[in-house]
Amino acid sequence: MKTSSPFPLAVLSTTPEPVAVLSLDLNVDDNGWQQLLPAGLFRAVDGRPFDVPGHHWFIDADIAADLIALANDRLNEVVIDYEHQTLKAEDNGLPAPAAGWFKTMEWREGSGLWIKPQWTPRATDFIKNGEYKYLSAVFPYDAITGRPLRLHSAALVNRPGIDGLQAVEALAALSLNTTLTTTHPTEHSMNELLKKMLAQLGITVEDGKEPDQAAALAALSAQITKAATVESLATQVAALKANDNGGTVDPAKYVPVDVMHQLHAQIAVLSAEGNASKLDQTIDKAKQEGRIVPAMEAWARDLGKQDMAALQAFLDKSKPIAALAAMQTDGTKPDADNVDPLATLSADEKKVCLATGISEADFFKTKKGDA
């Protein structure tokens, strides 16, 4: 069975973690040890793993120790079959005979993870006769770190290229969902991490169910948009802070708010005083010109307070009354000290002054003394 996608099928669906199938040359040492995984970073000849950042798997002494501990915790040995028939049996219905078994493993620094298989007689003949040349490891891995999580199985294969590896990997993904069980906490690290990430987006995934991909993508898109908006606002705030003169205010450009309030109050008072003074002047002038009678003053003052323009328009249209203008002494008698005394001389008295050559002033003084 082949798949047209270069990506592990386990990432797309059925298994909680991706699965790798890796083939290495059957390079057996003199004591029967076989290299299963290389040390450090490694990947398949077709470029996998595509779903891991950097496209590499990774194993070191600590990771190897976990794999060895997990294998030792199991009662059964790990199977080595032919062409991964253990994974294919459910689909093709054919037997899956073992080529060997292993449980003994060790880490060799700089070389990798080695196993000591117990080959069946038939497998031994195949290997000696060159009928099988490669050993292929099957292991689920963390798609974030590329770390192998456990050893599922191995197989004798003769197709180490892209086609063979991808076909076996797809079958492995379909089978591992039901055939692999363990209680080791690191196996579900990717699954739990995915759940936590989705929870941050407001999406809850029930155990045993797949997340709603459309909802997850929509929520992620909304978060990205929100982050972009926040970043834009932060940039604008930073720009404003950079232009605020270090938090100080230029007194030549800005006035404190309380000073402005006081200024407005003073302007209002001055305006009211100015209006009152103008109103008084307008009414006094109107009285002097005979445009209003004393009885109209209170009315004119109220109108001026409400609408000065309306009062002025009324006064402009009013015709002055001469009699009223002459009476503008507020009902008081003229001051006698301010009256010209010569104006009190009669016409006959003025004629006497003219005939005798006596000035009117001297005549007035004589008259006043006589009185």
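Everything here concerns the structure above.
What comes next concerns the included structure.

Rules behind the numbers
- Residues numbered from 1 in each chain as written.
- Predicted model: local features only at pLDDT ≥ 70, side-chain atom pairs only at ≥ 80, totals over all residues.
- Heavy atoms only, no water.
- Helix = DSSP H or I, 4+ residues; strand = E, 2+ residues; numbered from the N terminus.
- Buried < 20%, exposed > 50% of the residue type's maximum accessible area, 1.4 Å probe, protein only.
- Contact = heavy atoms within 4.5 Å.
- Areas by Shrake-Rupley, 256 points an atom, 1.4 Å probe, with all protein chains shown as cover.
- Pairing = 2+ DSSP bridges.
- Axes fitted to C-alpha atoms, helices over the stretch in contact; angles between N-to-C directions.
- Parallel < 35°, antiparallel > 145°, perpendicular 65-115°, else oblique.
- Nonpolar A, V, L, I, M, F, W, Y, C, P; charged D, E, K, R; others polar.
- Phe/Tyr/Trp six-rings, centres within 6.5 Å; stacked < 30°, edge-to-face > 60°.
- Lys NZ or Arg CZ within 6 Å of the ring centre and 35° of its normal.
- Core = buried A, V, L, I, M, F, W, Y, C linked by side-chain atoms within 4.5 Å.
- Salt bridge = Lys/Arg side-chain N within 4 Å of Asp/Glu carboxyl O.

A separate point is the overall build of the protein chain. Counting its secondary structure elements, the protein chain contains 13 helices and 11 strands. Put simply, the protein chain has 371 residues, and 31% of those count as buried. For the protein chain, long-range pairs separated by at least 24 residues make up 62% of all intrachain contacts whose partners lie at least 6 apart in sequence. Summing over all exposed atoms, the protein chain offers an accessible surface of approximately 23000 Å²; the carbon and sulfur share of this is 57%.

Attention now moves to the pairing of strand 7 (residues 105–108). Every second residue of strand 7 is oriented toward a common face, the buried set being Met105 and Trp107 and the non-buried set Glu106 and Arg108. As paired elements, strand 7 and strand 8 (residues 112–115) share 4 bridges and run antiparallel to each other. Residue arginine 108 lies in a different strand from strand 8, and its bridge partner there is glycine 112. Hairpin geometry of strand 7 and strand 8 is characterised by an intervening segment of 3 residues between the two adjacent antiparallel strands and by a positive phi of about 85 degrees at glycine 110.

A separate point is the packing of helix 9 (residues 297–306) against helix 10 (residues 308–317). As a packed pair, helix 9 and helix 10 sit with axes 5 Å apart at the nearest point and diverge in direction by 135 degrees. As the angle between them shows, helix 9 and helix 10 are arranged oblique. Contact residues: Trp299, Ala300, Leu303, Gly304 and Gln306 in helix 9; Met308, Ala310, Leu311 and Phe314 in helix 10. Among the residues forming the contact of helix 9 with helix 10, the class breakdown is 7 nonpolar, 2 polar and no charged.

Time to look at the packing of aromatic side chains. Each aromatic ring pair is specified by the distance between its two centres and by the angle formed by the two planes. Enumeration according to the criterion identifies 9 aromatic pairs in this entry. Pairing tyrosine 82 with phenylalanine 126 gives two aromatic rings, centres 5.7 Å apart and planes at 90 degrees, and the pair type is edge-to-face. You can see tyrosine 82 sitting in strand 5 (residues 78–82) and its partner phenylalanine 126 sitting in helix 4 (residues 121–128), a full 44 residues away along the chain. Taking NZ or CZ as reference, arginine 108 lies 4.1 Å from the ring centre of tryptophan 114, over its face.

Generally speaking, nonpolar side chains in soluble globular proteins are found buried as a group. The biggest cluster of nonpolar side chains holds 30 residues, and the ones touching the most others in it are Leu36, Leu37, Ile59, Phe102 and Leu113. For phenylalanine 102, the residues in contact, after removing those within four places along its chain, are Leu36, Glu77, Val78, Ile80, Ile115, Lys116, Pro117, Leu151 and Ala154. Counting residues in each nonpolar core, the second largest holds 8 residues, with Leu279, Ile283, Ala286 and Met308 among its members.

Now for the pattern of salt bridges. Scanning the entire structure with this criterion turns up 6 salt bridges. Notably, a salt bridge pairs glutamate 289 with arginine 291, separated by 2.6 Å at the nearest N-O pair. Assessed through its relative accessible area of 28%, glutamate 289 is described here as partly exposed. Taking the relative accessible area as the measure of exposure, arginine 291 reaches 23% and is therefore partly exposed. As a salt-bridge pair, arginine 301 and glutamate 297 come within 3.3 Å of each other at their nearest N and O atoms. One end of the pair is arginine 301 and the other is glutamate 297, both in helix 9 and 4 residues apart, which spans about a single turn. A single network of salt bridges, built from pairs that share partners, joins Asp280, Lys287, Glu297 and Arg301.

Turning our attention to unusual backbone geometry. A cis geometry characterises the amide bond from arginine 48 onward to proline 49, with omega recorded as 10 degrees. Its place among the elements puts proline 49 in the loop between strand 3 (40–42) and strand 4 (57–59). Phi angles above zero are rare outside glycine, and glutamate 83 is one such case at about 55 degrees. Inspection of the secondary structure assignment puts glutamate 83 in the loop between strand 5 and helix 3 (85–92). At histidine 84, a residue that is not glycine, the phi angle is positive and equals roughly 60 degrees. Considering the arrangement of structural elements, one finds histidine 84 in the loop between strand 5 and helix 3. The exposure class of histidine 84 is buried, given its relative accessible area of 1%.

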